[in-house]
Amino acid sequence: MTGCNQQRPDRTIVIVGGVAGGASCAARLRRLDESAAIVMLERGKHVSFANCGLPYFISGEIHDRDKLLITTPDRLSQRFRIDVRVRHEVMAIDRQRKTVEVRDHQSGQTYPLRYEKLVLSPGAAPVRPRLPGIEDARIFSLRTIGDAERIRAYLEANDPRRAVVVGGGFIGLEMAESLSHVGVHVTLIELAAQVMLSVDREMAEWIHQHLRMKGVELILEEGVARFSAGDDGSLVVSTDRGNQVPCDLAVLAIGVKPEVDLARKAGLELGPLGGIKVNDRLQTSDPDIYAIGDAIEVQDGILGGPRRIPLANLANRQGRLAADHIGGKEIACTDAYGTSVVRVFDLTVASTGASERALVAGGVPYEKSYTHPASHAGYYPGAVPMVMKLLFAPETGRVLDGQLVGIDGVDKRFDVLATAMQLGATVSDLARLELAYAPPFGTGKDAVNIAGYAASNILDGDVEIVHADQVDGWLGEGALLLDVRTVGEFRRGQLNQAVNIPIDEMRSHLTELPMNGAILVYCLTGIRSYYVCRLLKQHGYRPLNLSGGYMVYCATYPNRCKGIPGLQRWRRALALETFCSTPEERSIVRRNMK
Ligand code: FAD
């Protein structure tokens, strides 16, 4: 029998990288095997730190740096008897001898270390293109605690007024918010036509408008071409379209590149997207070497091919699964869906699955629906709307993707949706889900149920729909465009060529509508127009509901509208809740917001 403190040197498991995936793997290994020698090698100064918390440390929301340290080498050693070596970098892998070459950055010594099993969790590094001027010390990237400390120290020492954030992904958006939070004016430059590529263009429009409302200047469809020093000593960020933005600091957040050098040099196979290739047991092309986390390619749960998803939940899960397999358990590393959530000022944005863009690129047939449910019962104070996009298979109704933007209650709805999708749910399953309800938390028909109802109505043929980008085509073929909102709503803005008959007057105007030809019906969100579609259909007309209503139309074609019309409502609801505690205060805000 193996004694309490005895380790079997023949069973040495070496882990490269000591943060999300690596630390999870090490701790799980120890829980499964008391006798193995577990050595965790980390190039940096810290292990198991919360990189996801770094933007909030910069904003000061997380005040104490030590709160970012989920655990320490001492704790890992004391509690789990893991041999943690920080500032130790693995320089090479000798697969024949089953050793790694380790450089101790403190002593400058290099030494070999034998392994029986090796786990690679080296993560991904921020992309830093070789642009002119990139070496300016005022250009920052964010990956480690050291990076965050450098940015915070710069903010404290220089009291900068203007920043450029390059890249509108998660980290770019979080940094735009964090810098604004500390009083820095932010210009965000993004090469694509939208921020947050995990959602589709029209869904991103909610984020664009919110960012602008919060004072962030957005420059879309422009790439950064160079950095230079201005006459006044400021840093000037120049774009490929000739824009020049002077600032006091810039943060580069244009994506991450998997750290695959070690694997490549060791002859391990890489995948088509440049990440380390693994099988469903997380083994590389060498079965004694596992790889996990941001460095690998995963199997896309919807499209089936390889995908890179640099997210913490996956890295942690894979760390545990790799440990299970090393510990003798049978595992199958399940597919990945890219389920994510991010806060952008007052908005919460969540997505999972394969976006419309990805489905089109993958040649996968789909249908889509948009709904605008409330965060909780409308009669209970503080209810705010959200917008949900659902993509599903037209034949089977299987959920392929979900995207949700809102202010409150987004994360709860979203995790239900993501879970259902991962378990293979169809839209009618969503409609059937029994979910918890009380007025402060939700609505009798939950947002997820409502998405299921709307999509099921489409699939069952209860309503024919038209999408924003199809409206022009239908109008060209002579369809009637019918706006069923109130006269006041119609006057504030409407689609070109629309005729207004408010829903409550519809029955007395039925005979005025054309029996031959399509009638495109719309309202603000798609609900009232759906009721009208049902009415017209039963009277023998051919109505088509504009999916998502005027709001989604305006989000799809922002240049044709004066912003997304209902957003003012979101803003007002939020301001009322955030700032007012008395009815008097609420009426002042209402007056000011008009
Ligand atoms: P990491 O956690 O990056 O760990 C890799 C470690 O390996 C590094 O510390 C590195 O120093 C070390 N290493 C590399 N090569 C060697 C070597 N040769 N020898 C020794 N050590 C080596 N994900 C989310 O899901 N939600 C979020 O809100 C979120 N926010 C984020 C915010 C920021 C600012 C950042 C940077 C990331 C964020 N992420 C978020 C992503 C998440 O942090 C990563 O997906 C996760 O940390 C990946 O885990 P990993 O183990 O693969 O790599």
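Once a new chain begins, its residue numbering starts again from 1 and follows that chain's sequence as written. Thresholds applied to this predicted model are a pLDDT of at least 70 for local features of residues and 80 or more for the giving and counting of side-chain atom pairs; totals over whole chains, interfaces and linings are not thresholded and use all residues. Hydrogens and water molecules were not included; the side-chain quantities draw on all heavy atoms of the structure.

Asks: What is the right way to read the nonpolar core from this model?
Replies: Generally speaking, soluble globular proteins have nonpolar side chains that are buried together. Within the largest apolar cluster, 70 residues are counted, with the highest numbers of intra-cluster contacts made by Leu179, Val195, Trp206 and Leu211. By the criteria applied, helices consist of DSSP H or I runs no shorter than four residues and strands consist of E runs no shorter than two, each listed in order from the N terminus. Ranked by residue count, the leading element in this core is helix 16 (residues 549–556), at six residues. Buried Ala, Val, Leu, Ile, Met, Phe, Trp, Tyr and Cys residues that are joined via side-chain atoms within 4.5 Å together make up what is termed a nonpolar core. Exposure classes here rest on a 1.4 Å probe applied to the protein chains alone. A residue is buried below 20% of its type maximum, exposed above 50%, and partly exposed in between. In this structure, Ala36, Leu41, Val102 and Tyr115 belong to the second largest nonpolar core, which totals 53 residues.

Asks: Can you walk me through the state of the cysteines in this structure?
Replies: Covalent bonding between the sulfur atoms of two cysteines is what defines a disulfide. Cysteine sulfur pairs qualify as disulfides if the two atoms are within 2.5 Å. Tallying each qualifying case throughout the model produces one disulfide. Paired through a disulfide, Cys554 and Cys561 show a sulfur-sulfur distance of 2.3 Å. Its S-S torsion of about -80° marks the bond between Cys554 and Cys561 as left-handed, since a negative value means left-handed. Cys561 gets classed as buried once you look at its relative accessible area, which sits at 12%. No disulfide involves Cys52; its sulfur sits 18 Å from that of Cys25, the nearest cysteine. Of all cysteine sulfurs in the structure, the one in Cys533 sits closest to Cys523, which takes part in no disulfide; the separation is 9.1 Å.

Asks: How should I be thinking about the domain arrangement of the chain in this particular structure?
Replies: Reports often express the size of an interface as the amount of accessible area lost when the parts come together. Here the bounds of each domain stem from an automatic or database domain assignment. Here the chain is partitioned into domain 1 (8–124 + 258–326), domain 2 (139–254), domain 3 (349–459) and domain 4 (465–563). Spacing between the C-alpha centres of domain 1 and domain 3 amounts to 35 Å. In what follows, a contact means two residues having at least one pair of non-hydrogen atoms within 4.5 Å. In this complex, domain 1 contributes four residues to the contact, which on the side of domain 3 involves nine residues. Together domain 1 and domain 3 conceal approximately 430 Å² of surface at their shared face, both sides included; 68% is due to carbon and sulfur atoms. Two parts lose some accessible area (1.4 Å probe) when they are put together, and adding that loss for both gives the buried area. Sorting the residues of domain 1 by area buried against domain 3 places Ile302, Leu303 and Arg307 first, and these three jointly supply 92% of that buried surface. What makes a salt bridge here is a side-chain nitrogen of Lys or Arg within 4 Å of a carboxyl oxygen of Asp or Glu, nothing more. Summed over the shared surface of domain 1 and domain 3, the number is zero salt bridges. Identification of polar contacts relies on pairs of N or O atoms within 3.5 Å, with a donor-acceptor requirement for protein atoms, meaning one able to donate a hydrogen and the other able to accept it, and with residues adjacent in sequence counted only if both atoms are side-chain atoms. Seen at the junction of domain 1 and domain 3, the total is one residue pair in polar contact (both at pLDDT 80 or more). Partitioning the side of domain 1 that touches domain 3 into residue classes produces two nonpolar, one polar and one charged. Residue polarity follows a fixed list, in which Ala, Val, Leu, Ile, Met, Phe, Trp, Tyr, Cys and Pro are nonpolar, Asp, Glu, Lys and Arg are charged, and the others, Gly among them, are polar.

Asks: How should I be thinking about the side chain of Glu356 in this particular structure?
Replies: Looking at the secondary structure, you find Glu356 in helix 9 (residues 356–362). Within polar-contact distance, the side chain of Glu356 engages the side chain of Tyr366 at 2.8 Å. In this structure the side chain of Glu356 is engaged in a polar contact, spanning 2.6 Å, whose partner is the side chain of Lys389. When residues no more than four places from it in sequence are discounted, the contact partners of Glu356 are Asp200, Glu202, Tyr366, Lys368, Tyr370, Lys389, Leu391 and Gln403.

Asks: Please clarify how the site of the ligand should be interpreted in this entry.
Replies: If you check the shell around the ligand, you find 27 residues, and the closest are Gly21, Glu42, Ser121, Asp294 and Ala312. Between Arg143 and the ligand, the recorded distance is 3.4 Å, taken from a side-chain N or O atom to an oxygen atom. The protein chains shown are the only cover counted for residues, whose accessible areas, like all others here, come from Shrake-Rupley with a 1.4 Å probe. Its free accessible area being 990 Å², the ligand has 89% of it covered by the protein chains. Those elements giving two or more residues to the shell around the ligand turn out to be helix 1 (20–32), strand 2 (36–42), strand 4 (88–94) and helix 8 (312–326). With three residues, the top contributor of residues to the shell around the ligand is strand 4. Looking at the shell around the ligand residue by residue, the class counts come to 15 nonpolar, seven polar and five charged. For the shell around the ligand, the two domains that each supply at least three residues are domain 1 (8–124 + 258–326) and domain 2 (139–254). Note on definitions. A residue lies near a molecule or strand when any single heavy atom of the residue is within 4 Å of it.

Asks: Looking at this model, I keep getting lost on the packing of aromatic side chains. Mind explaining?
Replies: Each aromatic ring pair is described using two quantities: the centre-to-centre distance and the angle formed by the ring planes. Note on ring pairs: Phe, Tyr and Trp rings are taken, using the six-membered ring of Trp, and paired if centres are within 6.5 Å. Classes follow the plane angle, with under 30 degrees stacked, over 60 edge-to-face and the rest tilted. The full count for this structure, using the stated rule, is four aromatic pairs. Ring geometry for Tyr530 versus Tyr531: centroids 6.0 Å apart, planes at 50°, classification tilted. Its relative accessible area of 46% is what places Tyr531 among the partly exposed residues. Relative to Tyr557, the ring of Tyr553 has its centre 5.2 Å away and its plane inclined at 55°; by these criteria the two rings are tilted. Residue classification places Tyr553 among the buried residues on the basis of a relative accessible area of 5%. Overall, Tyr557 belongs to the partly exposed group, its relative accessible area being 21%.

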